[in-house]
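Take a look at the letters that make up each chain.
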Amino acid sequence: MPITTTRRRLLAGSVATLALPAFARAQGAVKPRLTAISQWSAGSDGAAITALGKKFEEKGGVWQHSPVPGFTTEMMNKLRAQIMAGDPPACSQLKGPEIAAWSKIAPTVDLDALVAAAGYEKVVAPDLAKLHKPGGKWIALPLQIYSTNMLFLSKRAMDKAKADKIPVTWADFNDLAEKMKSGGVPFPVANGGTRPDDGQKFEAALASISPLAYRAAIMNLEKKALEGPEIKAAFAQVRKIADWMDPNVGAQHFSTNLKRFVDGDMGMMIMGGWAQGVLRNAGFKFEDFTIAPGPSDNGKPVFLLNADAFIFWQRKEADLQAGQTLMAQLVMDPAIQTMYSQITGSIPVRTDVDLSGEGWSEGQRTTAKALKDAIASNQAVLSMAHNMAQENGMTAAMIDVITEYVKNKSIKPEQAATRLAEAIEGAR
Amino acid sequence: MSKAAALRPGPPSLPEWVRRLPEYLMIWVPLLLSAAHLVSFSLWTIWISFTPSTLVPVTGWVGLRNYSAVAASRNWQIAFDNLLLFGCAFVVLSAATGLILAILLDQRIRGENVLRSIFLYPLAVSFVVTGTVWSWLLNPGLGIQKLVHDLGWTTFRFDWLIDRDMAIWTIVIAAIWQSSGFAMALFLAGLRSVDADIIKAAQIDGAGPVRIYRRIILPSLWPITITVVVIQLQFAISTFDLVRALTNGGPGIATQLPALVVYDLMFQRSLLGRGAAAAVLMLLILLAVLLPYAAWRYIQRRRAAHA
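Procedures and definitions
- Chains are numbered independently. Their residues run from 1 in the order of the written sequence.
- Just so you know, chain letters begin at A and ligand numbers begin at 1, following the order they were written in.
- With pLDDT at 70 or above as the cut-off, local features in this predicted model cover only qualifying residues; side-chain atom pairs require 80 or more to be listed or tallied, and sums for whole chains, interfaces and linings still use all residues.
- Helix and strand assignments come from DSSP, with helices taken as H or I runs of at least 4 residues and strands as E runs of at least 2, each series counted from the N terminus.
- To assign burial, the other C-beta atoms lying within 10 Å of each residue's own C-beta are counted, with C-beta atoms placed from the backbone; 20 or more indicates buried, 12 or fewer indicates exposed, and intermediate counts indicate partly exposed.
- Whether two residues are in contact is decided by their C-beta atoms, placed from the backbone, lying within 7 Å.
- All domain edges in this entry derive from an automatic or database-based domain assignment.
- For two strands to count as paired, DSSP must find a minimum of two bridges between them.
- Axes, fitted as lines to C-alpha atoms, cover a helix only where it is in contact. Angles between the N-to-C directions of the axes lie from 0 to 180 degrees.
- The cut-offs work like this: below 35 degrees is roughly parallel, past 145 is roughly antiparallel, 65 to 115 is roughly perpendicular, and the gaps in between are oblique.
- Each helix crossing is assigned a hand: it is left-handed if the near helix lies turned anticlockwise from the far helix by less than a right angle, otherwise right-handed if that turn is clockwise.
- For this entry, the nonpolar core is defined as buried Ala, Val, Leu, Ile, Met, Phe, Trp, Tyr and Cys residues connected by C-beta atoms within 7 Å.
- Each residue carries a pLDDT score, the predictor's own confidence in it, on a scale running from 0 to 100.
- The classification used treats Ala, Val, Leu, Ile, Met, Phe, Trp, Tyr, Cys and Pro as nonpolar, Asp, Glu, Lys and Arg as charged, and all other residues, Gly among them, as polar.

### Side note on the overall build of chain A
Argument step 1. Scanning chain A from terminus to terminus reveals 19 helices and eleven strands.
Argument step 2. Across its three principal axes, chain A shows a C-alpha extent of roughly 105 × 45 × 40 Å.
Argument step 3. Among the 428 residues that make up chain A, the fraction classed as buried is 50%.
Argument step 4. The long-range share in chain A, meaning contacts at least 24 apart out of those at least 6 apart in sequence, stands at 79%.

This is the structure in structure tokens:
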């Protein structure tokens, strides 16, 4: 009897000794955990963030992502509610000037040390970096980049127009559209009818007529630039584009008409790089379409930048803080950015990622090259239609004018320019 | 009366208020809760409308600045004009359609129950579904216009959905389809409650059916007509999901309605103060409809009491 007791005690003692190191480790460094919200729930976006979560778990973290499907604004409503309840997620999707606006309503995490350790600042476009460090400190990290003004050309529509040259300037674009029209393409410009869709037509027109005017008028809201001739010229070009679009699309999403685009019933599409992913997802082949930088009147590529990012909200919990550190390291990692962009069809934020390898498409290489050239010639600007140039309220006021102009052919370009200036004044 | 008192359960020794306690609890608790809920949030919204709130509610005072900004915006002006047009057209046309359907159903026809269910059925469908279905039907490239074109009449045009001036009428059409069944049900009940003896007397006096309707039945439908109009009007003022699914305010901003502007300001533009101001303006429009109705009801009741 006494012997058994001793044995039992011995056994218990040895188990305790074995478990001790693990216990000590758990005390020293907690298991990183991340609560995150984003709108990415389905399709390639959902797949990409799920893959990111897997990587997070591989590094020993606990991944708690709650997607809010729908428009970005719906994700923002959830974020607002959580912040007001004093329980923000450790990390959330947010982009553009909204980062600065939202950082005023709740404390954020200072990421300067992590960014410096990763040497990230050197490899991010300067305009983009500025958006993520309002007040001089990094509080958010860009994840992937899209251009909103890529030009997609339907192979079959090009055949109908007997054309093979990719248009460089708006004059080329307009010529090609005429050729397509007379070659039997009913609608030379493929389109959707949503608000950002109309906004994109305008920003593509203005930025490529004059990137300088775009920067002054749309990004800096300078009164003189808003009254300049470039704005009227841009509206005039938008009218031409609108005349070549199918008015019947109503309020449809651009993706509804991709089949007609591939079939050659619609010829050219001015759309963000994400359309490549959508086209591929819908089962179309790379031979069906060509991707080129959007028209630019001075011949050098103009890049309308749209970048998704994560903002990090201050939390007291040690495991969440560890999770934020791990997440920040992952987001800046070139291998992770490669994985992410290859799933969604975007291009990496890091300008030092090599896109020549397998897994990248010709369209992505073209886009990355366009970005590099545009930065070199100072023609990389921030997209208005996708909330990169201004806060949501200002963007919406501008798009009100643009979408009405696109759909109402009796408005003259001069009138539209005046209304745009007035709307901006009213939204200030 | 004495028989009812004798049948009342419970020992008679309990005081009146204790015996009626369950009734009081049943009625007053939910009533007070919902009133507090409604009133407190209305007051909260009114307060927000005077603050400079944007992303989140903040304290501060900007006076009527939010109101003047909303009233001066093109979106609100268009929304207000649309509300006048939509409100009048929808209320008049849906009441008229409902009345005609009710009169036709009242002719002691076979299959009345089936027809009544069919006409009432759209009410069971959510507005989002109605809006989506009609957005397909009315789309010139997919729906009715394409059907007629495919049948051979190629000059036929029915493109109101993408016509800025006519787009608001597509919302009227869809809304009438949805809710004329409701008006029909109310009118039908009214028609059935007309005293059969009066109608018989009129028939004996040699009045034809048209005359009977004009002189006897329709005049007795007045109170129901008012009810239908008021219920449909408050629906019209708060219309949101139908427009959002059907046109989403488009083409351009041609079919904006006040509820859409409120949502847009609050949740898409993150301008809580202005959104709240627009919401308060909507409340005022509603009151402009409901207060006269309440006054009318009050006068009616007093007249009935004195008569």
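### Here we look at the domain arrangement of chain A
Residues and elements named next belong to chain A.
Argument step 1. Domains assigned within chain A are domain 1 (31-145 + 306-362) and domain 2 (150-305 + 365-427).
Argument step 2. If you average the C-alpha positions of domain 1 and of domain 2, the two centres end up 28 Å apart.
Argument step 3. Facing 22 residues of domain 1, the contacting portion of domain 2 comprises 25 residues.
Argument step 4. Sorting the residues of the side of domain 1 that touches domain 2 by element identifies helix H2 (43-58), helix H4 (98-103), helix H6 (126-132) and strand S9 (303-312) as the ones contributing at least two each.

### Regarding the pairing of strand S7 (residues 266-271) of chain A
Residue and element names in this part refer to chain A.
Argument step 1. Here S7 lies mainly inside the structure; six of its six residues are buried.
Argument step 2. In terms of strand pairing, strand S5 (residues 150-154) meets S7 through four bridges, oriented antiparallel. Each residue of the ladder has a partner; that of leucine 153, found in S7, is methionine 268.
Argument step 3. Bridging between strand S6 (residues 187-190) and S7 involves three bridges; their strand directions are parallel. Across the sheet, the residue bridging to phenylalanine 187 is methionine 266, located in S7.

### Quick look at unusual backbone geometry
Residues and elements named next belong to chain A.
Argument step 1. Within the chain, leucine 221 stands out as a residue other than glycine whose phi angle is a positive 55°.
Argument step 2. Here leucine 221 shows up in the loop between helix H10 (211-219) and helix H11 (223-226).
Argument step 3. Its identity is not glycine, yet asparagine 378 carries a phi of approximately 55°, on the positive side.
Argument step 4. The topology assignment puts asparagine 378 in the loop between helix H17 (362-376) and strand S11 (380-382).

### Side note on the packing of helix H18 (residues 392-407) of chain A against helix H19 (residues 413-427) of chain A
All names here are of chain A.
Argument step 1. Two elements in contact, H18 and H19, have axes whose closest approach is 9 Å; the angle formed by their N-to-C orientations is 160°. With respect to their mutual orientation, H18 and H19 come out roughly antiparallel. In the crossing of H18 with H19, the sense of the turn from one axis to the other is right-handed. Side by side, H18 and H19 meet where Gly393, Met394, Ala397, Met398, Asp400, Val401 and Tyr405 of the first sit next to Ala416, Arg419, Leu420, Ala423, Ile424, Gly426 and Ala427 of the second.

### Considerations on the nonpolar core
Argument step 1. One finds A:Leu206, A:Ile311 and A:Phe312 to be the most contacted residues of the largest nonpolar core, which totals 126 residues.
Argument step 2. The element best represented in this core is H18(A), accounting for nine residues.
Argument step 3. Of all hydrophobic cores here, the second largest spans 56 residues; its members include B:Phe90, B:Ala259, B:Met266 and B:Ala277.

### A word on the confidence of the model for chain B
Residue and element names in this part refer to chain B.
Argument step 1. In this model, chain B carries an average pLDDT of 89, and 96% of its residues clear a pLDDT of 70 or more.
Argument step 2. In the model of chain B, helix H1 (residues 2-7) stands out as the element of lowest mean pLDDT, 49, in contrast to helix H5 (residues 74-105), which has the highest, 94.
Argument step 3. Throughout residues 1-6 the model reports pLDDT below 50, and contacts reaching past four residues in sequence, or to other chains, amount to zero contacts.
Argument step 4. Two numbers describe this predicted complex: its pTM, 0.82, and its ipTM, 0.77.

### Notes on the interface of chain B and chain A
Argument step 1. Between chain B and chain A, the contact holds 25 residues from the first and 21 residues from the second.
Argument step 2. Looking at the side of chain B that touches chain A, the elements with two or more residues in it are helix H4 (65-72), H5 and helix H14 (258-268) of chain B.
Argument step 3. Of the residues in the side of chain B that touches chain A, the class split is eleven nonpolar, eleven polar and three charged.

### Observations regarding the environment of A:Ala292
Residue and element names in this part refer to chain A.
Argument step 1. Relative to the helices and strands, alanine 292 resides in strand S8 (residues 289-293).
Argument step 2. With 18 C-beta atoms counted inside 10 Å, the residue alanine 292 sits in the partly exposed group.
Argument step 3. Considered as a pair, alanine 292 and proline 142 are 150 residues apart in the sequence and their alpha carbons are 24 Å apart.
Argument step 4. Once you skip the residues sitting within four places of it in the chain, alanine 292 turns out to touch Leu151, Leu153, Ile166 and Thr366.

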